[in-house]
Amino acid sequence: MRLWLRLVSVSVSGVLAGRDCWNSIARTFPAPEKDQPHELWLSDLKRWREEHLRSYVDEAYQEDTLYWTRTSFVQPQVHLYDRYLFDGTWTVERYLKDLKNRYGGIDSVLLWPTYTNIGIDDRNQFDYYRALPGGLHDLANVTAEFHRHNVKVLWGYNPWDQATRREGADWDVIAKLLQATGGDGFNGDTMMYIPEEFWRASLRLGYPIAAEPEGGGFSCDGNWSSAGWTPLGWGYFGHKIDKMTYSYDFAPGVDKLKWLDPKGRHLTHVCDRWSKNRTSAIQLAFFNGDGYEAWENIWGLFNRLTERDAALLRRAATLLRWAGRRNYTHDFEEWIPHTPEASAPEKGIFASLFRRRGVRPGDALWLVVNKGMVDAKVDVTIPSELRESHLFDLYKGVEVQRGAGRTSLEIEGLGVSALLATRLADLSLQKLLSEMRLMTRSPLASFSPAWHVLHQEMDPMFSPKTFDPLKAPAGMVLLPRARFNFSVSGTALEGGCQAEEDPHGVCCHSKICNGDGSPDCQCAITGSHYFGVDVQFPWEQQPGRNHRRLLDLGPLLMDQDLVTNNDFLSYLNASGYRPSDEFNFLKHWEHGRPKPGDEQKPVVNIGLEEARAFCSFYGKRLPHSYEWQYAAQGLDGRRYPWGNELSDGRIPKAGHDPAAIGEHPEGTSPFGLRDMVGNVWQYTDSFRDEHTRSVLLRGSSRYQPKVSEAFPSRVQSLNWSAGLERQRGRRGRRDGPGPQVAVV
């Protein structure tokens, strides 16, 4: 009989102002109505701009070091457990090569090491950057490697991180850390706008940083002053179908923040991370001369761009980069969205006209989208002042002819195009034309629009020795062979769930899904959009939130108690083990041993590999998630190890440090195992796919950093205390978990 080991882990206010209009504020101007004269519609937009410029000072645009923000057209958010970026070593070149091959590369990257892991202990968000492999030193090297490939680096900032340890004003801390590592800016998670203190803190250091609010920087009260120090933003420009996915107007809207700046220097990254079809979002970004948030690794689900969307993004971004470098999409003379001479709304064709500043009359660029399903042609009327210019279909890479002051432009269904009028066909233009001719030889229709979830594999676990169940080692409990009805649901905050299939009540069935939500439940996503969230057990066809299986388990032996600090000290003395990287390793110990009085508390602050090494040294292994649940629940389907009701005295009260083992005997499981829930998180199975690796934690923790009753979390760690039918996925390196041991 193989042995296994129960190893465990312990695991804005003012900044969030304005979230009350998150779901109600219009982030774009709608297109002209069917019978509305374009000149009247455009004059309304101009009046709006004149009125709101009164509170706007373009400070950030005066900084030469932030000029790059105007052409940062493609930006992915990447979690630092993405295996293309780190899989034992940092592999920036491999990560960038993959994106280059699939959709043409990126201009900036948003690094994100915090959520979903933050809150498992008292480390704040900045500690998660320090805890990356190699610490801030290696992070600076990673940043420099991105810079060598002309990619700017932003950090994720979480204003709701208010319950972990504090180290001064966040604006001062993040500015200093970005300066120390060479970072270029930050994205303000959940923030409607960025408070001015962040901008001033960077100026005090003489190191201006680019701020990018997730909410875009849109004003709830009509005061647009923050746009002056916020050159970037995200754009949720669609209409919510459900909590996660969007629909889009047939006629693309006009980005308010890009329109607000008379020179169009603000750049929005249009974001629609959960949609499996990104076409409308990419078209909307292209129409506005904006950027696109190419976010694929979403809290562990890899929402890969389809082949067709990847091809569309490659073509759109190539055109935007060329136009941006030549000041067509920013610092322009004029921008006329929905310009009538190149639009045909009845065909689904919509165009924006950009005129360059400071050049001879004769240079203009039309960015055109076809929202229709089929290829279509539009006749473009060339303004008289441009009739001496050469005309180029930039998308197809060819010069086009005119007749009677008009030319025709053919656009693929659900595609984009660009028409250039210029008197100077220079070398850079010739290079672009050649590149686009080659790129567009295959029509978009030849690329598959099908979305596929990545296949996951559960990492195997083996015990190096077998044990006689009739001679169980001291401190171990025999769990007899049984048919166990394994039923559990993942508690990932995002990703949605299928309300019709909700065995453990993790889906929302209330008004909360119409508002900002909370981690008490997961808002449903329509159709099959939620597939791919959570993990995939070996018997399953794809990852999913709910897991059910009648399993033949046991017999197996399991430690009655969690592995203690004293147990781990004995292991270190016997094995001679020392980690190659000691950052955070047993950081709660003093002078190489547990603090006096902590000897019988569960050990924490060890990594998954260290937990497995401990098990292996004693001939044991970690439990599978379903084995852990069998040991905790027994065979009667109870909600908690002791029954179906949560009651005082059976688990430790909320607190910071783990409680000593055995202090709550009334919480014992049906098989006599103690501290299965409510004390420390416990390691079980780990999973991986092509991009992501994760480990399932069971049992919950007494450490529950409270934030507020508002979004994004009532309990910052997303820590539900103890229901056996719920599990939490965790990703990353050493940051808390320690062991309790068992064996098969």
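Calculation rules
- Residues numbered from 1 in each chain as written.
- Predicted model: local features only at pLDDT ≥ 70, side-chain atom pairs only at ≥ 80, totals over all residues.
- Heavy atoms only, no water.
- Helix = DSSP H or I, 4+ residues; strand = E, 2+ residues; numbered from the N terminus.
- Buried < 20%, exposed > 50% of the residue type's maximum accessible area, 1.4 Å probe, protein only.
- Areas by Shrake-Rupley, 256 points an atom, 1.4 Å probe, with all protein chains shown as cover.
- Phe/Tyr/Trp six-rings, centres within 6.5 Å; stacked < 30°, edge-to-face > 60°.
- Lys NZ or Arg CZ within 6 Å of the ring centre and 35° of its normal.
- Disulfide = S-S within 2.5 Å.
- Salt bridge = Lys/Arg side-chain N within 4 Å of Asp/Glu carboxyl O.
- Core = buried A, V, L, I, M, F, W, Y, C linked by side-chain atoms within 4.5 Å.
- Contact = heavy atoms within 4.5 Å.
- Pairing = 2+ DSSP bridges.
- Axes fitted to C-alpha atoms, helices over the stretch in contact; angles between N-to-C directions.
- pLDDT = per-residue confidence, 0-100.
- Arc of directions from axis to C-beta.
- Parallel < 35°, antiparallel > 145°, perpendicular 65-115°, else oblique.
- Nonpolar A, V, L, I, M, F, W, Y, C, P; charged D, E, K, R; others polar.
- Polar contact = N/O pair within 3.5 Å; in protein donor to acceptor, adjacent residues only side chain to side chain.
- Expected span 1.5 Å × (residues − 1).

Novice: I keep staring at the overall build of the protein chain and nothing clicks. Help me out?
Specialist: A tally of helices and strands in the protein chain yields 13 helices and 34 strands. Expressed as a percentage of the 744 residues in the protein chain, the buried residues total 63%. As displayed, the protein chain offers around 27,900 Å² of accessible surface, 49% of which is attributable to carbon and sulfur atoms.

Novice: Is there a simple way to explain the packing of aromatic side chains in this structure?
Specialist: For any pair of aromatic rings, geometry is given as the distance between the ring centres together with the angle between the planes. Going through the model one piece at a time under the given rule, you end up with 45 aromatic pairs. Ring pairs connect the aromatic residues Trp 22, Trp 112, Tyr 115, Trp 160, Trp 234, Tyr 236, Tyr 246, Trp 295 and Trp 299, which therefore count as one cluster. Over the ring of Trp 259 we find Arg 49; its NZ or CZ atom is 4.1 Å from the centre of that ring. Arg 123 extends its terminal NZ or CZ atom over the ring of Tyr 128, reaching a point 4.2 Å from the ring centre.

Novice: It is not clear to me how the state of the cysteines should be interpreted in this structure. Could you clarify?
Specialist: When the sulfur atoms of two cysteines share a covalent bond, that bond is a disulfide. One pass over the structure, following the stated rule, counts one disulfide. Across the disulfide from Cys 21 sits Cys 220; the S-S distance is 1.6 Å. Because the torsion about its S-S bond is -55°, the bridge between Cys 21 and Cys 220 counts as left-handed. You can see Cys 21 sitting in the loop between β2 (8-9) and β3 (28-29) and its partner Cys 220 sitting in the loop between β9 (210-213) and β10 (232-235), a full 199 residues away along the chain. Take Cys 220: its relative accessible area is 37%, and that puts it in the partly exposed class.

Novice: Sorry if this is basic, but what is going on with the pattern of salt bridges here?
Specialist: Pairing is possible between side chains of opposite charge, provided their charged atoms come close. All chains considered together, the criterion is met by 33 salt bridges. Among the ionic pairs, Arg 102 bridges to Asp 98, the shortest N-O distance being 3.2 Å. Here Asp 98 and Arg 102 lie together in helix α2 (residues 92-103), a separation of four residues that amounts to about one turn. By relative accessible area, which is 17% here, Arg 102 ends up buried. Residue class for Asp 98 comes out buried when judged on its relative accessible area of 12%. Ionic pairing is found between Arg 355 and Glu 385, a salt bridge with its closest N-O pair at 2.8 Å.

Novice: It is not clear to me how the environment of Trp 22 should be interpreted in this structure. Could you clarify?
Specialist: Considering the arrangement of structural elements, one finds Trp 22 in the loop between β2 and β3. With relative accessibility at 8%, the residue Trp 22 sits in the buried group. Taking the C-alpha atoms as reference, Trp 22 lies 9.2 Å from Met 191; in sequence the two are 169 residues apart.

Novice: Help me understand the nonpolar core, please; the structure alone is not making it clear to me.
Specialist: When a protein is soluble and globular, its nonpolar side chains tend to lie buried together. With 164 residues, the main nonpolar core has Tyr 95, Phe 146, Trp 366, Leu 394 and Phe 568 as its most contacted residues. The element that contributes the greatest number of residues to this core is helix α9 (residues 307-325), accounting for 10 residues. Those residues in contact with Phe 146, other than ones at most four positions away along the chain, are Leu 85, Val 92, Tyr 95, Leu 96, Val 109, Leu 111, Val 151 and Val 153. Ranked by size, the runner-up nonpolar core spans 27 residues in total, among them Leu 551, Met 558, Tyr 626 and Trp 628.

Novice: Any chance you could explain the sheet that holds strand β22 (residues 390-393) here in plain terms?
Specialist: Working definition: the strands of a sheet are paired by backbone hydrogen bonds and lie parallel or antiparallel to each other. Read from one edge to the other, the open sheet built from six strands follows the order β18-β19-β20-β25-β22-β23, with strand pairing classed as antiparallel. Bordering the open sheet on either side are β18 (334-337) and β23 (398-400), each of which pairs with just one other strand. In this sheet, adjacent strand axes meet at a mean angle of 20° when their direction is disregarded. Bridge count between strand β20 (residues 364-370) and strand β25 (residues 415-422): seven bridges; the pairing is antiparallel. Bridged to Asn 370 within β25 is Gly 415. With respect to the sheet, α9 is in contact with β20 and β25, its orientation differing from that of β25 by roughly 20°.

Novice: Please explain the sheet that holds strand β6 (residues 108-112) as it appears in this structure.
Specialist: Overall, parallel pairing links the five strands, which are arranged β5-β6-β7-β8-β9 in an open sheet. Where the open sheet ends on each side, the last strands, each with one partner, are β5 (77-79) and β9. With strand direction ignored, the average angle separating the axes of adjacent strands in the sheet is 30°. One ladder, built from four bridges, connects strand β8 (residues 185-188) with β9; its direction is parallel.

Novice: What is the right way to look at unusual backbone geometry in this model?
Specialist: Leaving glycine aside, a negative phi is the common case for residues, and trans is the common case for peptide bonds. That bond from Tyr 115 to Thr 116 is cis: its omega, 25°, falls within 30 degrees of zero. By secondary structure assignment, the location of Thr 116 is in the loop between β6 and α3 (125-130). In this structure, the amide linkage connecting Gly 554 to the following residue, Pro 555, adopts the cis form with an omega of -5°. Relative to the helices and strands, Pro 555 resides in the loop between β29 (546-553) and β30 (556-562). Even without being a glycine, Leu 414 presents a positive backbone phi close to 55°. Mapped onto the elements, Leu 414 comes out in the loop between β24 (406-411) and β25. Phi angles above zero are rare outside glycine, and His 591 is one such case at about 55°. Residue placement: His 591 occurs in the loop between α11 (565-575) and α12 (608-617). A relative accessible area of 81% places His 591 in the exposed class.

Novice: Please explain the confidence of the model for the protein chain as it appears in this structure.
Specialist: Close inspection of predicted coordinates is inappropriate in any region flagged by low pLDDT. Per-residue pLDDT for the protein chain averages 88, and the proportion of residues at 70 or more is 88%. Below a pLDDT of 50 lies the segment residues 1-15, which in the model reaches 127 contacts outside its immediate sequence neighbourhood of four places, other chains included.

Novice: Just to check I follow, could you spell out α11 for this structure?
Specialist: An α-helix turns once per 3.6 residues; consequently, residues spaced three or four apart project the same way. Taken together, the buried positions of α11 are occupied by Asn 565, Phe 568, Leu 569, Tyr 571 and Leu 572. The buried residues of α11 occupy one face: seen down the axis, they fall within an arc of 160°. Residues Asn 573 and Ala 574 are exposed on α11 and point more than 90 degrees away from its buried face. Looking one or two residues beyond α11, the residue adopting positive phi is Gly 576, at roughly 75°.

Novice: What is the right way to look at the packing of helix α8 (residues 279-287) against α9 in this model?
Specialist: The description of two packed helices rests on the angle between their axes and on the distance between the axes. Closest axis-to-axis distance for the α8/α9 pair is 10 Å, and the angle between their directions is 5°. One way to sum up the angle between α8 and α9 is to call them roughly parallel. Contact with α8, carried on its side by Thr 279, Ile 282 and Phe 286, involves Arg 308, Asp 309, Leu 312, Leu 313, Ala 316, Leu 319 and Leu 320 of α9 and no other residues of that element. Classifying every residue of the contact of α8 with α9 gives seven nonpolar, one polar and two charged.

Novice: Is there a simple way to think about the side chain of Thr 181 in this case?
Specialist: Relative to the elements of secondary structure, Thr 181 occurs in helix α5 (residues 170-181). When its relative accessible area of 3% is taken as the criterion, Thr 181 is described as buried. Of note is the side chain of Thr 181, whose polar atom sits 2.9 Å from the backbone oxygen of Leu 177.

Novice: Help me understand helix α4 (residues 135-148) in this model?
Specialist: Relative to the 20 Å expected for 14 residues at 1.5 Å per residue, α4 spans 20 Å between its end C-alpha atoms, a close match to the ideal helical length. Inspection of α4 places Gly 135, Leu 139, Val 142, Thr 143, Glu 145 and Phe 146 among the buried residues, and these make up the whole buried set. One side of α4 holds all its buried residues, which, seen down the axis, span an arc of 160°. Along α4, the residues that are exposed and aim more than 90 degrees away from the buried face are His 137 and Arg 148. Turning to α4, the residues buried within the fold contact α2, β6, α3, β7 (152-157) and α5. Directly beyond the C-terminal end of α4, a positive phi value near 60° is found at Asn 150.

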